[in-house]
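The lines below spell out each chain.
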Amino acid sequence: MQPIQRIDSGARLSEMVIYNGVAYLAGQVPETTLTESAYAQTKEVLSLIDKLLAKVNTNKGRILNAQIFLADMLDYAEMNQAWDEWVDTNNAPARATVEAKLADPRWKVEIVVTAAI
């Protein structure tokens, strides 16, 4: 049986779970840009994703799937601007973007990714 590794675990969730060579990240949300634009919040979230992936020696070029939740689809262009500046264009993941009511009304974006290690 393959071991399961949990990273940055708390009582409610782990920020990342590793199983069978795949990293499953919890939804990443802005922490310091809560009053800023969707562009700024997306850049922060993508930076958090980079940091988590680095903890297990992988990177954005190994992302298999991304799920993006926007509080308002009017922010789609700003989110895409930050995404397009960040994504590895030679290894773009499968991606879905939907509008959703997020847990904190200050959040404009939440991103979940799954990556190969």
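Right above here is the structure, for reference.
This report concerns the structure included in the present document. Keep in mind the model is a prediction, meaning the values are calculated, not measured.

1. A look at the overall build of the protein
And step 1. If you tally the helices and strands in the protein, you get 2 helices and 6 strands.
And step 2. For the protein, the N- to C-terminal ordering of α and β elements is β-β-β-α-β-α-β-β.
And step 3. Computed over its C-alpha atoms, the radius of gyration of the protein comes to 14 Å, within 12% of the 13 Å expected for a compact globule of 117 residues.
And step 4. Taken over 117 residues, the protein has a buried fraction of 44%.
And step 5. At a minimum sequence separation of 6, the contacts of the protein that also span at least 24 residues come to 68%.
And step 6. With an accessible surface of roughly 6,700 Å², the protein has 50% of that area assigned to carbon and sulfur atoms.
And step 7. For the protein, the centre of its 11 positive side-chain charges and the centre of its 15 negative side-chain charges are spaced 6 Å apart.

2. Section: helix α2 (residues 76-86)
And step 1. Among all positions of α2, only Met79, Asn80, Ala82, Trp83 and Trp86 are buried. One side of α2 carries all its buried residues, which in axial view fall inside an arc of 165°. Away from the buried face of α2 by more than 90 degrees, exposed residues Ala77 and Asp84 are located.
And step 2. Packing partners of the buried residues in α2 comprise α1 (38-55), β4 (63-70), β5 (94-99) and β6 (109-116).

3. Some thoughts on the packing of α1 against α2
And step 1. α2 packs onto α1 with a crossing angle of 35° between their chain directions and a minimal axis gap of 7 Å. For the crossing formed where α1 meets α2, the hand is right-handed. Across the interface between the two elements, Ala38, Tyr39, Thr42, Lys43, Leu46, Ile49 and Asp50 of α1 pack against Glu78, Met79, Gln81, Ala82, Trp83, Glu85 and Trp86 of α2.
And step 2. Tallied by class, residues from the contact of α1 with α2 come to 8 nonpolar, 2 polar and 4 charged.

4. Thoughts on the sheet that holds β6
And step 1. Strands sit in the order β1-β2-β3-β6-β4-β5 across an open sheet of 6 strands; the sheet is mixed. The strands lining the two open edges of the sheet, one partner per strand, are β1 (4-9) and β5. Taking each pair of neighbouring strands and ignoring which way they run, the sheet shows an average axis angle of 15°.
And step 2. The pairing of strand β2 (residues 14-19) with strand β3 (residues 22-25) spans 4 bridges and is classified as antiparallel. Along β3, the bridge assignment pairs Ile18 with Ala23.
And step 3. Set on the sheet, α1 makes contact with β1, β2, β3, β4 and β6; between it and β6 the angle comes to about 25°.

5. Things to note about the pattern of salt bridges
A pair can form between side chains of opposite charge whenever their charged atoms are brought close.
And step 1. Evaluation of the coordinates by the stated rule reveals 3 salt bridges.
And step 2. Salt-bridge contacts for Asp8 lead to Lys55; the nearest nitrogen and oxygen are separated by 2.7 Å. With Asp8 in strand β1 and Lys55 in helix α1, this residue pair connects regions lying 47 residues apart in the sequence.
And step 3. One salt bridge in this structure joins Arg106 and Asp104, with 2.8 Å as the shortest N-O distance.
And step 4. Classification of Arg106 as partly exposed rests on a relative accessible area of 46%.
And step 5. Taking the relative accessible area as the measure of exposure, Asp104 reaches 15% and is therefore buried.

Conventions used here
- Residues numbered from 1 in each chain as written.
- Predicted model: local features only at pLDDT ≥ 70, side-chain atom pairs only at ≥ 80, totals over all residues.
- Heavy atoms only, no water.
- Helix = DSSP H or I, 4+ residues; strand = E, 2+ residues; numbered from the N terminus.
- Rg over C-alpha atoms; globule rule 2.2 N^0.38 Å.
- Buried < 20%, exposed > 50% of the residue type's maximum accessible area, 1.4 Å probe, protein only.
- Contact = heavy atoms within 4.5 Å.
- Areas by Shrake-Rupley, 256 points an atom, 1.4 Å probe, with all protein chains shown as cover.
- Lys, Arg positive; Asp, Glu negative; His and termini not counted.
- Charge placed at Lys NZ, Arg CZ, Asp CG, Glu CD.
- Arc of directions from axis to C-beta.
- Axes fitted to C-alpha atoms, helices over the stretch in contact; angles between N-to-C directions.
- Left-handed = near helix turned anticlockwise from the far one by under 90°.
- Nonpolar A, V, L, I, M, F, W, Y, C, P; charged D, E, K, R; others polar.
- Pairing = 2+ DSSP bridges.
- Salt bridge = Lys/Arg side-chain N within 4 Å of Asp/Glu carboxyl O.

Such coordinate-based values are descriptive only and should not be taken to indicate function.
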